[in-house]
Amino acid sequence: MASSHHEDAAQRLAARIAQHEARLAELAERDGVLDCTGDGTFRVCKRSTTPSKGPLVLPGFRAEVQYTGWLAPAGDDAPKLDDALVAAATKGKPFDSSRGNAAPFSFLAGGGQVIGGWDATVTAMRVGERAMILVAPEHGYGARGA
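Note that the coordinates shown come from a computational prediction; the quantities given were computed from them, not determined experimentally. (Residues numbered from 1 in each chain as written. Predicted model: local features only at pLDDT ≥ 70, side-chain atom pairs only at ≥ 80, totals over all residues. Heavy atoms only, no water.)

Novice: Help me get a handle on the side chain of T123, residues and values and all.
Specialist: Relative to the assigned elements, T123 resides in the loop between α3 (116–122) and β8 (130–135). One polar contact links the side chain of T123 to the main-chain carbonyl oxygen of D119, over a distance of 2.6 Å. Dropping the residues within four chain positions of it, T123 is found in contact with H20, R23, L24, V57, L58, P59, A109, G110 and W118. (Helix = DSSP H or I, 4+ residues; strand = E, 2+ residues; numbered from the N terminus. Polar contact = N/O pair within 3.5 Å; in protein donor to acceptor, adjacent residues only side chain to side chain. Contact = heavy atoms within 4.5 Å.)

Novice: Any details on the nonpolar core? Residues and values, ideally.
Specialist: Soluble globular proteins: nonpolar side chains tend toward being buried together. Judged by nonpolar contacts, V57, A63, V65, Y67, F107, A109, V114, I115, W118 and V122 together constitute the single largest core of 10 residues. Of all the secondary-structure elements, those providing two or more residues to this core are β4 (62–65) and α3. If near-sequence neighbours (up to four positions away) are discounted, A63 is found in contact with V57, F105, S106, F107, A109 and V122. Counting 9 residues, the second largest nonpolar core, distinct from the first, contains L24, C36, V44 and L56. (Core = buried A, V, L, I, M, F, W, Y, C linked by side-chain atoms within 4.5 Å. Buried < 20%, exposed > 50% of the residue type's maximum accessible area, 1.4 Å probe, protein only.)

Novice: Talk me through the sheet that holds β8; I want residue IDs and the actual numbers.
Specialist: Taking strand neighbours across the sheet as the criterion, the 4 strands line up as β1-β2-β3-β8 in an open arrangement whose pairing is antiparallel. What marks the edges here is a single partner per strand, and that holds for β1 (29–30) and β8. Pairing between strand β2 (residues 33–35) and strand β3 (residues 44–50): 2 bridges, direction antiparallel. Each residue of the ladder has a partner; that of D35, found in β3, is C45. (Pairing = 2+ DSSP bridges.)

Right, here's the structure in full:
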């Protein structure tokens, strides 16, 4: 008996999920911080603040996020995503935020619609998860900013 179009699509989706889970399982973790690019530098990383058992955010799926962005203090070539960095960064005024908007910020995850650091971190998250992320300039807006 031939499989239906829906069964084929479900099998393809299951294969994508398994492939994505395998990629995430290979990412390095240090002190509760996940290296989201897999290059071992931790220049794009996340620390979950509210874990979730929801489904993975797969590349190509629409993500809706609420965010507030601060700049990390200058001078550290390899900042560590820890409480001290967060405290220092959040002393200043945020450079951008979706909080207070009528709707969350929406984009295709992994689709190049946002900075590379966001694509890497959001596709390393689960629906409903909250996290702090660190995006080095080369994975964001560059050394000079936006």
